[in-house]
Amino acid sequence: FVRLVVHFLTWGMKTMKEVIIKAGVITVCSVLAFIGLLLGSLSLFAPKTLVGFFDGLGFDGYAKRCSERAYEKSGDVSDLYDLVLRLDVSTEAQKTVNYVEEMFANEKFDEFCTTTNVEGKISTKEYLSVKYVCALVELEETQKALDFSVQFVFDNGYTKYNPLRT
């Protein structure tokens, strides 16, 4: 095997410098291919693990895509919530509306809201409702946003962070 590797490295080479450069290029390409293969397989089979990795590196777009993939794979309401938190209302209003509507329709939504709160004094339900209304306004669906806000106040009372105040 060693002879085969040496023969491959020295094939067509005339100087030792060429052999060293070729070996270095092959090593770098092999390492990059391994990293690409590792990230690709993780994104397919365990996208939730990559969310924190990309988030730590500051790659918000990749973290958002991995978060979306994690939700599609698991269908769990907590993965959907993580995705909704990452969506930007001004640039991804339609996605925000779709995913928040999915979250409202989920049968585990009320239970999830009682166990999870956004940092600070605002409840999860209020935060998602305000984000939903902002996305509707961004899409110029103001009547739907107003109807939703009024219904929210009727159902939950006039809270400090209700969407009608938005």
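Relevant structure appears above.
Quick caveat, the model's predicted, so the values are computed rather than measured. Per chain, residues are indexed from 1 in the order of the written sequence. With the structure being a predicted model, the display of local features is reserved for residues of pLDDT at least 70 and the display and counting of side-chain atom pairs for 80 or more, all residues being used for whole-chain, interface and lining totals. To get the side-chain values, all heavy atoms of the structure are used, and hydrogens and water are removed first.

## A closer look at the packing of helix 4 (residues 60-74) against helix 6 (residues 93-105)
Reasoning step 1: The angle between two axes is taken between their N-to-C directions and runs from 0 to 180 degrees, where each axis is a line fitted to C-alpha atoms and a helix contributes only its stretch in contact. Each helix is a run of H or I in the DSSP string that is no shorter than four residues. Each strand is a run of E no shorter than two, and both are numbered from the N terminus. Direction vectors running N to C along helix 4 and helix 6 enclose 30°, while the axes themselves pass 14 Å from each other. Crossing angle aside, the handedness with which helix 4 passes helix 6 is left-handed. Contact residues: E68, Y71 and E72 in helix 4; K95, Y99 and E102 in helix 6.
Reasoning step 2: Across the contact of helix 4 with helix 6, the residue classes break down as two nonpolar, no polar and four charged. Note on convention: the crossing is left-handed when the near helix lies turned anticlockwise from the far helix by less than a right angle, right-handed when the turn is clockwise. Here, two residues are considered to be in contact whenever any of their heavy atoms come within 4.5 Å of each other. Think of it as three bins: nonpolar holds Ala, Val, Leu, Ile, Met, Phe, Trp, Tyr, Cys and Pro, charged holds Asp, Glu, Lys and Arg, and polar takes everything else, Gly as well.

## Remarks on the pattern of salt bridges
Reasoning step 1: The working definition used for a salt bridge is a side-chain nitrogen of Lys or Arg within 4 Å of a carboxyl oxygen of Asp or Glu. Applying the stated criterion across every chain, the model contains seven salt bridges.
Reasoning step 2: For D79, the salt bridge identified is with K48, shortest N-O distance 2.9 Å. One end of the pair, D79, is in helix 5 (residues 77-86); the other, K48, is in helix 3 (residues 47-57), with 31 residues separating them in the sequence.
Reasoning step 3: Relative accessible area serves as the criterion here: at 6%, D79 is assigned to the buried category.
Reasoning step 4: Between D110 and K125 there is a salt bridge whose closest N-O contact spans 3.9 Å. Each residue's exposure class comes from its accessible area (1.4 Å probe, protein chains only) as a fraction of the maximum for that residue type: buried when under 20%, exposed when over 50%, partly exposed otherwise.

## Points about a nonpolar patch on the surface
Reasoning step 1: Exposure above 30% relative accessible area and no salt bridge define the residues that can form patches, which grow by joining like charges within 9 Å and nonpolar side chains of Val, Leu, Ile, Met, Phe, Trp and Tyr within 5 Å. Using a 1.4 Å probe, accessible areas were evaluated by the Shrake-Rupley method; residue-level cover was limited to the displayed protein chains. Among the surface-exposed residues, V28, V31, L32, F34, I35 and L38 lie close enough to one another that they form a single nonpolar patch of about 570 Å² accessible area.
Reasoning step 2: Note on placement: L32 falls in helix 2 (residues 16-45).

## Some points on the packing of aromatic side chains
Reasoning step 1: Only Phe, Tyr and Trp rings take part, Trp by its six-membered ring, and two of them pair if their centres are within 6.5 Å. Stacked means planes under 30 degrees apart, edge-to-face means over 60, and tilted covers everything else. Per the stated rule, a full pass over the model turns up ten aromatic pairs.
Reasoning step 2: Between F104 and F109, the ring centres sit 5.3 Å apart and the planes meet at 80°, which makes this aromatic pair edge-to-face.
Reasoning step 3: Classification of F104 by relative accessible area gives partly exposed; the value is 24%.
Reasoning step 4: Considering the side-chain rings of Y132 and F148, the 4.8 Å spacing of their centres and the 70° angle between planes classify their relative orientation as edge-to-face. Here Y132, found in helix 8 (residues 124-138), pairs with F148, found in helix 9 (residues 142-156); they are 16 residues apart in sequence, far enough to count as distant.
Reasoning step 5: Its relative accessible area of 5% is what places Y132 among the buried residues.
Reasoning step 6: Here a set of aromatic residues connected by ring pairs shows up, and it is made of F53, F54, F59 and Y62.

## Focus on the side chain of S149
Reasoning step 1: Assignment of secondary structure puts S149 in helix 9.
Reasoning step 2: Given the relative accessible area of 3%, S149 is considered buried.
Reasoning step 3: Throughout this description, a polar contact denotes any pair of N or O atoms lying within 3.5 Å of each other; where both atoms belong to protein, one of them has to be capable of donating a hydrogen while the other can accept it, and for residues adjacent in sequence the pair is counted only when both atoms sit in side chains. At a separation of 2.8 Å, a polar atom in the side chain of S149 contacts the main-chain carbonyl oxygen of A145.
Reasoning step 4: In contact with S149, other than residues within four places in its own chain, are V133, P163 and L164.

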